[in-house]
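Structural features, examined
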Amino acid sequence: MRVLVAEDERDLADLVAVGLRRHAMAVDVVYDGAAAVQRLAVHDYDVLVLDRDLPELHGDLVCGELVARGSRTRILMMTAAASVPERVAGLGMGADDYLPKPFDYAELVARVQALGRRSRSPVPPVLTRHGIVLDTHRMQVSREGRHLQLSVKEFAVLQVLMRADGAVVSAERLLEEAWDENADPFTTVVRVLVSRLRAKLGEPPCIHTIPGAGYVL
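Since the model is a prediction, treat every value here as computed from it, not as a measurement.

Spatial strand order, β6-β7-β8-β9: four strands in an open sheet with antiparallel pairing. Only two strands of the sheet have a single partner each, and these edge strands are β6 (126-129) and β9 (146-148). Sheet twist, expressed as the mean angle between neighbouring strand axes with direction ignored, is 20°. Bridge count for strand β7 (residues 132-135) against strand β8 (residues 140-143) is four bridges, and the pairing is antiparallel. Across the sheet, the residue bridging to Leu134 is Val141, located in β8. Of the strands in this sheet, β6, β7 and β8 are in contact with helix α6 (residues 152-163), which crosses β7 at around 110°. The sheet contacts of helix α8 (residues 189-201) involve β7, β8 and β9, and relative to β9 the element is tilted by about 160°.

Here is the structure:
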């Protein structure tokens, strides 16, 4: 899942990003509304975690821009103003969900995950293929009953491959969906991680390289 966090309180924004990354999400961070609009024009995010009171460009305008564009990106709006009229106003502008500050972090993660599922074609929370069972809620993976210890990034890449349901996934798509914008597209990071993931999945091999196209599970 690809997430953009737009929050002007830098410490809070960075903490939210770190926490979401622990749940196998690729997270980018901006600290004002103008930067948010720029990133949204470049990347296809699943969820935007949007502080309503952003500098440069107010969060209401960022939300309106996305809605007018017909974007599939789901919007979780946050603000310290927790009154019912404020929440109703935010939802009326096109936000998909509304979370008042201060918030419980587990609730934030659950809401982002729920919105991420809504931004894509429906998939079951537990994915199964080639004896591999991937539980997206518990972040657990097993193969033929053998529990696998995967890193967060390995989990994210395996999830993308399993969601593809047998279709070829390009290295570019893996970078887009499992890494944030700081990943260098000219490195061998995807190839190296897929190699590690193959080793952990064990025999028989189930991730195959399609020359010039990408990977298929």
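Still to come is the rest of the account.
Next up on the list: the side chain of Asp135. For Asp135, the location among the structural elements is in strand β7. A relative accessible area of 10% places Asp135 in the buried class. With residues up to four places along the chain from it excluded, the contact list for Asp135 reads Pro125, Val126, Gln140 and Phe155.

A few words now on the packing of helix α7 (residues 171-178) against α8. At a closest axis distance of 10 Å, the pairing of α7 and α8 adopts a crossing angle of 85°. Between α7 and α8, the angle is such that the two are roughly perpendicular. Facing Ala171, Leu174 and Leu175 of α7, the residues of α8 in contact are Val189, Val190 and Val194. Looking at side-chain class alone, the contact of α7 with α8 contains six nonpolar, no polar and no charged residues.

Reading the values: rules and limits
Residues numbered from 1 in each chain as written. Predicted model: local features only at pLDDT ≥ 70, side-chain atom pairs only at ≥ 80, totals over all residues. Heavy atoms only, no water. Pairing = 2+ DSSP bridges. Helix = DSSP H or I, 4+ residues; strand = E, 2+ residues; numbered from the N terminus. Axes fitted to C-alpha atoms, helices over the stretch in contact; angles between N-to-C directions. Contact = heavy atoms within 4.5 Å. Buried < 20%, exposed > 50% of the residue type's maximum accessible area, 1.4 Å probe, protein only. Parallel < 35°, antiparallel > 145°, perpendicular 65-115°, else oblique. Nonpolar A, V, L, I, M, F, W, Y, C, P; charged D, E, K, R; others polar.

By themselves, these observations are geometric and do not establish any function.
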